[in-house]
Amino acid sequence: MKRISVFRPLGLALLCLVPLAGFAQNARLQLNGLEKLSDKATEANNIALDGATLLLASSFIKLDHDPKALQINDILRNLKGIYVKNYKFSQPNEYSQSDVDNIRVQLAGPGWSRIVENRDKRSGATNEIYFMKDGDNIAGVAILVAEPKELTVVNIVGSIDLSKLGALAGNFGIPDIGGQSPNKPTADTGSGKGNTAAAGAVR
Amino acid sequence: MQFSEEDLRSALRRKDPGTFFTKRVMAHVGREPLVTGAQRRPEGPLRSPWLLIREPALVGMFLAVLVMAGWVGLAQHQRAQQRRAGELAKQQTIFALRITAAKLNHVFERAQGVAHYPSRAGESYEEN
Amino acid sequence: MGLEPEVRMEAALRQATCGDQQAFAEIVREHQTMVFSIGWHFLDDRSLAEDLAQEVFLECYRGLPDIHSPAHLTNWLRRVAIHRSIDQSRRKKVRREVTFDETSEPAGEDAQVDSFLAERLRQIVAKLPEKQRSVVLLRYQEDLEPAEIAELLEMPVNTVKSMLQRALDELRGKLGRKLKEARYAIL
């Protein structure tokens, strides 16, 4: 698999140091409208971790006394919430464009900027990353991946250092992000199946 | 398409979790306090309910022990529940970070027009 | 080894109640398939099913003095496994946790029709409303009669029968849709 070194400059650009409580609320997207897709999906992952839950998770991660696990706490330190909706379907077009547009309408609101966009005209797939900015700092992240048979929305509220997330690649099933992992697997296991190899190894 | 009741029985046939499961259960059982049937019905003078009625101090002590045991049991139960909640929160957090990293990777690769990458476990396809 | 299972279980129950952990291990081995399968078919999640089955057996160990016979033990385990599965299913609805590497593999293109059908049936059963799911599992996994199911779940026999009928109708309806989708995906 061809590794693209895109992450480091982006990671540096994304270094977020100051959480902004005032903007944290606006960075939270309303994703409840997607829950109806659970009925049609063959696999649905709904994760809602508010500040209190992240704090609880953090305290249990500390109990592991695992240096790698403590790096997770580093990432969580300034987060107010992580919200994930991921739906996989057995056939294309099980979700409607309006489901995705309802999310985009929120991301067109004040504070949000789209920093990455990719569209595949053949399949109709779209892949986007948005940031909510306050000056030079980041107060929220949204990732929107709309493929024919899979829809994913990730909403992170608070400031997250994505380079630290990349540094965890190869541990806990966290995949390599853009080839920046210090724990990059060997060419055999890494090529073409980075995500699955990492996930399998953690178990 | 129709299915028969036999198809349903076959689909819902029992599956053995394996010998490792037994060992895992017994490892937890080993940590449980031993309360046998014999212990629940102790022999000897304490078995007689009349003794408690004749000795009010014993009644008071007995009640105090009950309350303490109840309180300890409740505290233990709450701690166990908190432990479970904490472990669940930890696992879900790691899972959320896993999805985040996977999707970031996906978007970056698409944006750069990577030739060959998997879209999900076991599946791969090429893109121009 | 040559003893009837009922006789073996009676002895194991008696010994386990007196604190013999080896005897309890035998009880676990005898019933783990049943308890685990109830959890797995109910929740469609192997990891959750293992955790659930473990909790059921721990609860059983704690309650041994109150279990009178092998038949009582079997019914007790079924009842508790079903109730815990319902509890877990309700918790799972609010925060469904599925790890990438625990989901069942989709059937390959050249899979036998019967395993494909079985997999689809299991998936659809795991999505039925909880009471219907309980009734279907007790009927088709455990081979219980409606009267036995009614006693276990503490509901009228007629309610059990009508739930079974509704569940089968729903399974047929959903299976028809799913097979059309799968055919489309494969072809």
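This is a predicted model, so every value here is computed, not measured.

Considerations on the overall build of chain C
Helices and strands together make up the secondary structure of chain C, namely eight helices and zero strands. When the helices and strands of chain C are listed from N to C terminus, the series reads α-α-α-α-α-α-α-α. Within chain C, the fraction of its 187 residues that count as buried is 34%. For chain C, long-range pairs separated by at least 24 residues make up 63% of all intrachain contacts whose partners lie at least 6 apart in sequence.

Regarding the overall build of chain A
Secondary structure assignment for chain A yields eight helices and six strands. Walking chain A from its N terminus toward its C terminus, one meets helices and strands in the order α-α-β-α-α-β-α-β-β-β-β-α-α-α. For chain A, the residues scored as buried account for 44% of the 203 residues in total. Taking the contacts inside chain A whose residues are at least 6 apart along the sequence as the reference set, 64% of them involve residues at least 24 apart.

Section: the confidence of the model for chain C
Predicted coordinates in regions of low pLDDT should not be interpreted in detail. Residue and element names in this part refer to chain C. Summarising the model, chain C shows a mean pLDDT of 82, and 80% of its residues fall at 70 or more. Every residue in residues 95–113 is under pLDDT 50, and counting partners more than four places away or in other chains gives 31 contacts. For this predicted complex, the interface confidence score (ipTM) comes to 0.81, while the overall pTM stands at 0.45.

Examining the sheet that holds strand S6 (residues 150–158) of chain A
All names here are of chain A. Strand order in this open sheet of six strands is S1-S2-S6-S5-S4-S3, and the pairing throughout is antiparallel. Each edge of the open sheet is held by one strand with a lone partner, namely strand S1 (43–50) and strand S3 (112–119). Here the average twist between neighbouring strands, direction ignored, is 10°. In terms of strand pairing, S3 meets strand S4 (residues 126–134) through seven bridges, oriented antiparallel. In the sheet register, Arg114 faces S4, and the bridge partner there is Tyr130.

Looking at the nonpolar core
Among the nonpolar cores identified, the biggest contains 58 residues, and Ile82(A), Ala142(A), Ile143(A) and Ala96(B) are the most heavily contacted of them. Sorting elements by how many residues they give to this core places helix H5 (residues 56–112) of chain B first, with eleven residues. Look past the residues within four positions of Ile82(A) in its chain and what remains in contact with it is Ile47(A), Leu49(A), Ile156(A) and Ala96(B).

Topic: the packing of helix H2 (residues 19–30) of chain B against helix H2 (residues 21–43) of chain C
Between H2(B) and H2(C), the least distance of the axes is 10 Å, while the angle of their chain directions is 130°. Here H2(B) lies oblique to H2(C), going by the angle between them. Seen from above, H2(B) lies across H2(C) with right-handed handedness. Residues Phe21(B), Thr22(B), Val25(B), Met26(B), Val29(B) and Gly30(B) of H2(B) pack against Gln21(C), Phe24(C), Ala25(C), Val28(C), Arg29(C), Gln32(C) and Phe36(C) of H2(C). When grouped by side-chain class, the residues that make up the contact of H2(B) with H2(C) number eight nonpolar, four polar and one charged.

Some remarks on the environment of Val28(C)
Inspection of the secondary structure assignment puts Val28(C) in helix H2. Overall, the presence of 24 C-beta atoms within 10 Å leaves Val28(C) in the buried class. Separated by 30 residues in sequence, Val28(C) and Leu58(C) have C-alpha atoms that sit 9.9 Å apart. Ignoring sequence-local partners within four residues, the contact set of Val28(C) consists of Thr22(B), Val25(B), Met26(B) and Phe57(C).

Quick notes on helix H3 (residues 51–63) of chain A
The terminal C-alpha atoms of H3(A), which comprises 13 residues, lie 19 Å apart, in line with the 18 Å expected from a rise of 1.5 Å per residue. Buried within H3(A) are the following residues: Thr53(A), Leu54(A), Ala57(A), Ser58(A) and Ile61(A). Down the axis of H3(A), the smallest arc covering the buried residues is 140°, so these residues share one side. Opposite the packed face of H3(A), turned more than 90 degrees from it, sit the exposed residues Ala52(A) and Leu63(A). Where H3(A) is buried, its residues contact S1, helix H4 (67–76) and strand S2 (79–88) of chain A together with H5 of chain B. Note on H3(A): the residue one or two positions beyond its end, His65(A), has a positive phi of about 50°.

What to know about the pairing of S4(A)
All names here are of chain A. The turn linking S3 back onto S4 is made up of six residues, and Gly124 within it adopts a positive phi angle of 85°. One ladder, built from nine bridges, connects S4 with strand S5 (residues 137–147); its direction is antiparallel. By the bridge assignment, Tyr130 is partnered in S5 with Ala142. The hairpin formed by S4 and S5 contains two residues between the paired strands, and Gly135 there has a positive phi angle of roughly 65°.

Structural notes on unusual backbone geometry
Residue and element names in this part refer to chain C. Phi angles above zero are rare outside glycine, and Asp143 is one such case at about 60°. Here Asp143 lies in the loop between helix H6 (130–140) and helix H7 (146–153). A residue is classified by how many C-beta atoms lie within 10 Å of it, and Asp143, with 9 of them, is exposed. With a phi close to 55°, Glu154 is a non-glycine residue in the positive phi region. Within the element layout of this structure, Glu154 appears in the loop between H7 and helix H8 (157–186).

Scoring rules and cut-offs
Residues numbered from 1 in each chain as written. Chains lettered and ligands numbered in written order. Predicted model: local features only at pLDDT ≥ 70, side-chain atom pairs only at ≥ 80, totals over all residues. Helix = DSSP H or I, 4+ residues; strand = E, 2+ residues; numbered from the N terminus. Buried ≥ 20, exposed ≤ 12 C-beta atoms within 10 Å, placed from the backbone. Contact = placed C-beta atoms within 7 Å. pLDDT = per-residue confidence, 0-100. Pairing = 2+ DSSP bridges. Axes fitted to C-alpha atoms, helices over the stretch in contact; angles between N-to-C directions. Core = buried A, V, L, I, M, F, W, Y, C linked by C-beta atoms within 7 Å. Parallel < 35°, antiparallel > 145°, perpendicular 65-115°, else oblique. Left-handed = near helix turned anticlockwise from the far one by under 90°. Nonpolar A, V, L, I, M, F, W, Y, C, P; charged D, E, K, R; others polar. Expected span 1.5 Å × (residues − 1). Arc of directions from axis to C-beta.

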